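# Observations on the three-dimensional arrangement
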Amino acid sequence: MRIQDIPKYIKVIFAAMRGKTIKPFEFIWVHKDGTQRWGEAHVGLMKEGSKVIGLQLILRDITERKQAEGERERLMAQIQGQAQRMQQILDTVPVGVLLLDADAQIKLVNPVAEKELVVLADAKIGDTLTSLGGRLLAELLTSPSKGLWHELKADGRTPYRSSLDPLKTETAPHPPDGCWSSAT
């Protein structure tokens, strides 16, 4: 234990001896070589009838758990940073981008797609997309017969181009639960 923590632990032990229930607590101890370890302590009274005959102290080394928790927090911060950067990119690209799940439910849209979905499908996040610009979604998920885009129309006059591509990852070369759509 660190010397500066000893008074705190003495108070805990005396409180336990007076019959107070002590919740498990964490502490740090320092080895002779200066390395620090984390521990968890469980304190309880040993009784014979109503007479206190001793104090039971169970200590457990939780250093690996604390290190794993720290690594998890670091990775979560990294993932959150990447998600924020990805969201900034999605929010600023000049084309509509949306994510559908396997049931064609709209899971994510950027600002451009949000506006285009109202015009092309009268849809929003959470809705199931069955068609876009008067064309069935199943048709739009196939390669266009001419060119790189499917031609879409809204109100019979506004031309849009759309390309829907399956979402693939390194571990799932086939779309696990959705596809990305880009419409301009």
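The structure under discussion appears in the preceding block.
Treat the numbers as computed from the prediction; the structure is a model and nothing was measured.

### What to know about the sheet that holds strand β3 (residues 51-61)
Strands in a sheet are paired, the pairing made by backbone hydrogen bonds, and the direction either parallel or antiparallel. Taken in spatial order, the 3 strands line up as β1-β2-β3 in an open sheet, and their pairing is antiparallel. Either end of the sheet is taken by a strand with one partner, and the two such strands are β1 (25-30) and β3. Taking the axes of each pair of neighbouring strands and ignoring which way they run, one obtains an average angle of 40° across the sheet. Sheet strands in contact with helix α1 (residues 6-17) are β1, β2 (36-48) and β3, and its direction is about 140° off that of β1. Each of β1, β2 and β3 is contacted by helix α2 (residues 63-92), which is oriented at about 130° to β2, the strand it contacts most.

### A look at the side chain of Thr 63
Mapped onto the elements of the fold, Thr 63 is located in helix α2. On the basis of relative accessible area, Thr 63 is assigned to the buried category, the value being 3%. Only 3.3 Å separates the side chain of Thr 63 from the side chain of Arg 37, close enough to count as a polar contact. Apart from the residues within four sequence positions on either side, Thr 63 is in contact with Arg 37 and Trp 38.

### Description of a nonpolar patch on the surface
Nonpolar side chains collect at one region of the surface, where Ile 3, Ile 6, Ile 10, Phe 14, Met 17 and Leu 55 lie side by side and expose about 570 Å² of accessible area between them. Among the elements that line the nonpolar patch, the one with the most residues is α1, at 4 residues. Tracing the chain through its elements places Met 17 in helix α1. Classification of Met 17 as partly exposed rests on a relative accessible area of 47%.

Calculation notes
- Residues numbered from 1 in each chain as written.
- Predicted model: local features only at pLDDT ≥ 70, side-chain atom pairs only at ≥ 80, totals over all residues.
- Heavy atoms only, no water.
- Pairing = 2+ DSSP bridges.
- Helix = DSSP H or I, 4+ residues; strand = E, 2+ residues; numbered from the N terminus.
- Axes fitted to C-alpha atoms, helices over the stretch in contact; angles between N-to-C directions.
- Contact = heavy atoms within 4.5 Å.
- Buried < 20%, exposed > 50% of the residue type's maximum accessible area, 1.4 Å probe, protein only.
- Polar contact = N/O pair within 3.5 Å; in protein donor to acceptor, adjacent residues only side chain to side chain.
- Patch = residues over 30% accessible without salt bridge, like charges linked within 9 Å, V, L, I, M, F, W, Y side chains within 5 Å.
- Areas by Shrake-Rupley, 256 points an atom, 1.4 Å probe, with all protein chains shown as cover.
- Salt bridge = Lys/Arg side-chain N within 4 Å of Asp/Glu carboxyl O.

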